[in-house]
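# Chains, contacts and geometry: an overview
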Amino acid sequence: MSSAQELTTKARAVRPTAYGTPDVLAIVSTPIPEPAADEVVVQVRAAGVNPIDWKLYSGAFHKVDDEHKDSAGLADDLPQLGLECAGVVTAIGDEVRGIEVGDEVIVYPVTGAYADYVTAPATSLIPKPADLGWPEAGSLMLAGTTAAHALHAAGVGEGDTLLVHGGAGSVGSLVVQLAAAAGATVIATASARNHELLRDLGAIPVTYGPGLLDRVRGAAPGPVTAAIDCAGGDEALDASLELVSDRQRIASIVATDRHVAAGIKALGYGPGQDAGTELREAARADLASRATELRILINAVYPLSEAAQAHRAGLAGHAPGKLVLVP
Ligand SMILES: NC(=O)c1ccc[n+]([C@@H]2O[C@H](COP(=O)([O-])OP(=O)(O)OC[C@H]3O[C@@H](n4cnc5c(N)ncnc54)[C@H](OP(=O)(O)O)[C@@H]3O)[C@@H](O)[C@H]2O)c1
C-alpha cells in the first residue's frame, strides 16, 4: 500500500496500554472501520469525557455485572474509551434504513469514541439538532440520560422539594435544570464558588460538608420529599436518609454496597444496581429536542492527542462543565 493510501485508510484512537494513571493512555493507529450490516461508521467531531472513562482503566473500578460489561465498555481485557460522541455518518451497513452518509448525529451508547472514527449500531444514533454545537452534542447524552433516569427513579415532579447532592457537576447540573423545569423546588449542594451557577440553573445553593443537614433544613421551604445523589460519600447518604421519609424517593448514581443495603434506588452497573438501560435509551429523543433550552456546561475542549491531560484535569477536580475531546 502506498503512503497516500495509508493516509486515507488509517485513523487514530486513544487506548490505555495498561491499567493505571492517565500516563498509560496512548494514541494508536487503526484502520478506518467497516460497518457490519446493522451498523454505521461515524467520523467523530466531539467525544464527551466522563469520570467512568478514567475509572475504567484505573484498576479500582467497582465490580460490573457480567450482563452490563458491554455497555460499561468492559467487554475486552483493557477497556475501549469513549462512551458518547457526535459526528458525521461516513458509511452504512446493508440493513440500515433511514440514515444517510453525511447525516450529523449524536451517538450514544457507544464504545471506543475516543477516535477519529467509531462504529456503532444504527440504534445508537440520534439526529443532532442543527443549532447544537459539536462539543455540547458530543457530551450531552451520558450525563443527560443518567439525570433523566435518576429523576424518574426518585419520582420527581411538580410540588416536590428535591435535594441534589453535587448539583454543579455534569449530571447534577442537568438534574437541577430538568427538576426545576418539571416544577420541583430544588436545593443543590456545591462548593461556594458554584453557588451563583446553581442559582442561575434554578436551585437554592447549599454548601456541602459538616453541618449540611442544618443548612438544608434552613434552606428548604418545607419537607424534603426526594433526594438525588450525584456526589457520593456517607455525608450525602446520611443527609438523604435523615431528610426524606420514603427511601424509594432517594436515588444515587454513585452507589456503594451501603446505599444498596439502605434500600434506596441505586442506579448504575454494580451489583444490586439498576442500569435503567431502556429508560435511558428512551430519554435520548427528549433530551435532544430540549438540548438548546438546557445549559450544557462545557469546561474545556482538548485535541484527541491530549486525552491524558483531559483525564488529569478530571481527576484533579475542575470548574463546572464537561471535558470534551475533538479529533
Ligand atoms: N451511575 C451512573 O450511571 C453514572 C452515570 C454518570 C456519572 N456517574 C458518576 O457520578 C459522579 C458525577 O459525575 P459527573 O460527570 O457529574 O462529575 P463531575 O462533572 O466531575 O461533577 C462532580 C461534582 O461533584 C461535586 N462534589 C465533589 N465533592 C462533593 C461533595 N462531597 N458533596 C457534593 N458535591 C461534591 C463537585 O462540585 P464542586 O466543584 O462544587 O465541589 C463537582 O461539580 C461520578 O462519580 C461519575 O462516575 C454515574
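Computed from a predicted model, the values in this text were never measured in an experiment. (Residues numbered from 1 in each chain as written. Predicted model: local features only at pLDDT ≥ 70, side-chain atom pairs only at ≥ 80, totals over all residues. Heavy atoms only, no water.)

### Some points on the site of the ligand
Around the ligand sit 22 residues, and of these Lys55, Ser191, Asn194, Tyr208 and Leu267 come closest. In the environment of the ligand, an oxygen atom lies 2.8 Å from a nitrogen or oxygen atom belonging to the side chain of Asn194. Contact with the protein chains removes 78% of the 930 Å² of surface that the ligand exposes when unbound. Along the lines of polarity and charge, the residues of the shell around the ligand split into 11 nonpolar, eight polar and three charged. (Near = heavy atom within 4 Å. Polar contact = N/O pair within 3.5 Å; in protein donor to acceptor, adjacent residues only side chain to side chain. Areas by Shrake-Rupley, 256 points an atom, 1.4 Å probe, with all protein chains shown as cover. Nonpolar A, V, L, I, M, F, W, Y, C, P; charged D, E, K, R; others polar.)

### A few points about the side chain of His149
Position of His149 relative to the elements: it lies in helix H4 (residues 141-153). Those residues within four positions of His149 in sequence are excluded, and the remaining contacts are Leu267, Asp274, Ala275, Gly276, Leu279 and Arg280. (Helix = DSSP H or I, 4+ residues; strand = E, 2+ residues; numbered from the N terminus. Contact = heavy atoms within 4.5 Å.)

### Considering the packing of aromatic side chains
Counted under the stated rule, the structure contains zero aromatic pairs. Over the face of the ring belonging to Trp134 we find Lys128, whose NZ or CZ atom lies 4.8 Å from the ring centre. (Phe/Tyr/Trp six-rings, centres within 6.5 Å; stacked < 30°, edge-to-face > 60°. Lys NZ or Arg CZ within 6 Å of the ring centre and 35° of its normal.)

### A look at the nonpolar core
Membership of the largest hydrophobic core comes to 51 residues, with the highest contact counts inside it found for Leu151, Val156, Leu162, Val164, Val175, Val176 and Ile228. The greatest single-element share of this core, amounting to seven residues, is contributed by H4. Taken together, domain 1 (3-140 + 296-326) and domain 2 (144-277) each give at least three residues to this core, which thus spans both. Each residue touching Ile228, except ones within four places of it in the same chain, is listed here: Ala150, Leu151, Ala154, Val156, Leu162, Leu163, Val164, His165, Val175 and Ala251. (Core = buried A, V, L, I, M, F, W, Y, C linked by side-chain atoms within 4.5 Å. Buried < 20%, exposed > 50% of the residue type's maximum accessible area, 1.4 Å probe, protein only. Domains from an automatic or database assignment.)

### Overview of the packing of helix H7 (residues 212-219) against helix H8 (residues 234-243)
Close contact between H7 and H8 brings their axes to 10 Å; oriented N to C, the two are set at 45 degrees. Classified by the angle between their axes, H7 and H8 sit oblique to one another. For the crossing formed where H7 meets H8, the hand is right-handed. Facing Leu212, Leu213, Val216 and Arg217 of H7, the residues of H8 in contact are Glu235, Ala239, Glu242 and Leu243. In the contact of H7 with H8, the residues fall into five nonpolar, no polar and three charged. (Axes fitted to C-alpha atoms, helices over the stretch in contact; angles between N-to-C directions. Parallel < 35°, antiparallel > 145°, perpendicular 65-115°, else oblique. Left-handed = near helix turned anticlockwise from the far one by under 90°.)

### Topic: helix H5 (residues 170-181)
Across its 12 residues, H5 extends 17 Å between first and last C-alpha, which sits within 8% of the 16 Å expected from 1.5 Å per residue. For H5, a buried count of nine out of 12 residues is recorded, marking the element as mostly surrounded by other parts of the structure. (Expected span 1.5 Å × (residues − 1).)

### Observations concerning the pattern of salt bridges
For the structure on display, the rule yields 10 salt bridges. One salt bridge in this structure joins Arg295 and Asp200, with 4.0 Å as the shortest N-O distance. One end of the pair, Arg295, is in the loop between helix H10 (277-290) and strand S14 (298-303); the other, Asp200, is in helix H6 (residues 195-201), and 95 residues separate them in sequence. Of the residues examined, Arg295 reaches a relative accessible area of 39% and is grouped as partly exposed. (Salt bridge = Lys/Arg side-chain N within 4 Å of Asp/Glu carboxyl O.)

### A few points about the domain arrangement of the chain
Taken domain by domain, the chain holds domain 1 (3-140 + 296-326) and domain 2 (144-277). Computed from C-alpha atoms alone, the centre-to-centre distance between domain 1 and domain 2 is 28 Å.

### A short note on the pairing of strand S9 (residues 185-189)
With respect to burial, S9 is a largely interior element, four of its five residues being buried. Bridge count for strand S8 (residues 161-165) against S9 is four bridges, and the pairing is parallel. Its bridge partner being in S9, Leu163 is matched across the sheet by Ile187. In terms of handedness, the path from S8 via H5 over to S9 forms a crossover that is right-handed. Examined bridge by bridge, S9 and strand S10 (residues 203-206) share four bridges and lie parallel to one another. Bridge pairing in S10 links Val186 to Ala203. Read as a crossover between parallel neighbours, the route from S9 over H6 to S10 is right-handed. (Pairing = 2+ DSSP bridges. Right-handed = clockwise from strand over helix to strand, strands pointing away.)

### Concerning the sheet that holds strand S12 (residues 250-252)
If you trace the six strands from one edge of the open sheet to the other, you get S10-S9-S8-S11-S12-S13, paired in parallel fashion. Among the strands making up the open sheet, the edge pair consists of S10 and strand S13 (265-266). Packing of H5 onto the sheet brings it into contact with S8, S9, S10 and strand S11 (226-229), and relative to S8 it is tilted by some 170 degrees. The strands touched by H7 within the sheet are S8, S9 and S10, with S10 carrying the most contacts at an inclination of about 150 degrees.

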